[in-house]
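# A look at the structure
The residues making up each chain are set out below.
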Amino acid sequence: DWPVVAVSVDDAVAYAAWLSEKVGRPVRLPTEEEWEKAARGVDARAFPWGGSFDPTFAHMRRSQPGVPRLWPVEQYPVDCSVYGCMDMAGGVREWTASMFSEGQVVVRGGGWNDDMDELRCAGRRGLPKQFRSSSVGFRLVSEAPGLTTDPE
């Protein structure tokens, strides 16, 4: 129920490889483009839920009174994209499979210790591959069994 944090991008990729073997299909980090579409939908929303902002909509610095801290996933039902993806704005930043610059990987989303600007779906930053933090984790993507992307 808690996000996996304090892992490098290589740790996340290794876990995806292990899980791929276990479930018998490819599992991987999303590209930053896949991550953004899952968060924004096709109508270019500023936040997964739409264009307005309220600090109680997602897990961020001002969501609750007191010192900000990590919380379990799916505690903010408004932080849900049109595709049903939870915690795309708040919670933890997420590693992607995309490179930002030499030696840096793109992370997307905002974290529990971020402010509103960091929670926007279009927000992105680069972090060194070996970076680990309690505010950075990952999500994985996989093709559903039996589905094909080939038009027939």
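Presented here is an overview of the structure given in this document. Source: prediction; values computed, not measured.

So, how was this worked out
Residues numbered from 1 in each chain as written. Predicted model: local features only at pLDDT ≥ 70, side-chain atom pairs only at ≥ 80, totals over all residues. Heavy atoms only, no water. Helix = DSSP H or I, 4+ residues; strand = E, 2+ residues; numbered from the N terminus. Rg over C-alpha atoms; globule rule 2.2 N^0.38 Å. Buried < 20%, exposed > 50% of the residue type's maximum accessible area, 1.4 Å probe, protein only. Contact = heavy atoms within 4.5 Å. Areas by Shrake-Rupley, 256 points an atom, 1.4 Å probe, with all protein chains shown as cover. Salt bridge = Lys/Arg side-chain N within 4 Å of Asp/Glu carboxyl O. Polar contact = N/O pair within 3.5 Å; in protein donor to acceptor, adjacent residues only side chain to side chain. Pairing = 2+ DSSP bridges.

## With respect to the overall build of the protein
A count of helices and strands for the protein gives two helices and six strands. Going residue by residue from the N terminus, the α and β elements of the protein occur as α-β-α-β-β-β-β-β. Relative to a compact globule of 152 residues, whose C-alpha radius of gyration would be 15 Å, the protein shows 15 Å and is just as compact. For the protein, the residues scored as buried account for 40% of the 152 residues in total. Excluding contacts between residues fewer than 6 apart, the proportion of contacts in the protein whose partners are at least 24 apart in sequence is 63%. When the accessible surface of the protein is summed, it comes to about 8,400 Å², and 54% of that surface belongs to carbon and sulfur atoms.

## Regarding the pattern of salt bridges
One pass over the structure, following the stated rule, counts 14 salt bridges. The salt bridge partner of Asp 114 is Arg 93, with a shortest N-O separation of 3.1 Å. Note that Asp 114 is positioned in the loop between β3 (104-108) and β4 (124-128) and Arg 93 in strand β2 (residues 93-101), a separation of 21 residues in sequence. Arg 93 shares its class with Asp 114; the two are buried. Note that Asp 117 and Arg 120 form a salt bridge whose closest N and O atoms lie 3.8 Å from each other. Taking the relative accessible area as the measure of exposure, Asp 117 reaches 53% and is therefore exposed. Here Arg 120 falls in the partly exposed class, since its relative accessible area comes to 32%. Through salt bridges that share partners, Glu 32, Glu 36, Arg 40, Arg 108 and Arg 124 make up one connected network.

## Notes on helix α2 (residues 32-40)
Along α2, the residues classified as buried are Glu 32, Trp 35, Ala 38, Ala 39 and Arg 40. Tucked into the core, α2 has its buried residues touching β2, β3 and β4. Positive phi shows up at Gly 41, right after α2, with a value of about 75°.

## Here we look at the side chain of Thr 96
Residue placement: Thr 96 occurs in strand β2. For Thr 96, a relative accessible area of 0% translates into the label buried. Among the polar contacts made by the side chain of Thr 96, one reaches the main-chain amide nitrogen of Ser 98 at a distance of 3.1 Å. A polar side-chain atom of Thr 96 sits 2.9 Å from the main-chain carbonyl oxygen of Val 106. Not counting residues up to four positions away in its chain, the partners in contact with Thr 96 are Val 9, Leu 29, Pro 30, Thr 31, Glu 32, Trp 35, Val 105, Val 106 and Arg 108.

## Considering the sheet that holds strand β5 (residues 136-137)
Strand order across the open sheet formed by four strands is β4-β3-β2-β5, with mixed pairing between neighbours. Strand pairing shows two members of the sheet lacking a second neighbour, β4 and β5, which therefore form its edges. Of the pairings in the sheet, the one linking β2 to β3 comprises four bridges and is antiparallel in character. Pairing of Trp 95 across the sheet is with Val 107, part of β3.

## A word on the pairing of β3
Extensive coverage of β3 is indicated by the burial of four of its five residues. In this structure, the hairpin formed by β2 and β3 is closed by a connection of two residues, where Gly 103 is found at a positive phi of approximately 80°.

## So, the side chain of Ser 98
Its location among the elements puts Ser 98 in strand β2. Of the polar contacts made by the side chain of Ser 98, one reaches the backbone nitrogen of Glu 32; its length is 2.9 Å. Residues in contact with Ser 98, not counting those within four places in the same chain, are Thr 31, Glu 32, Glu 33, Val 105 and Val 106.

Such coordinate-based values are descriptive only and should not be taken to indicate function.
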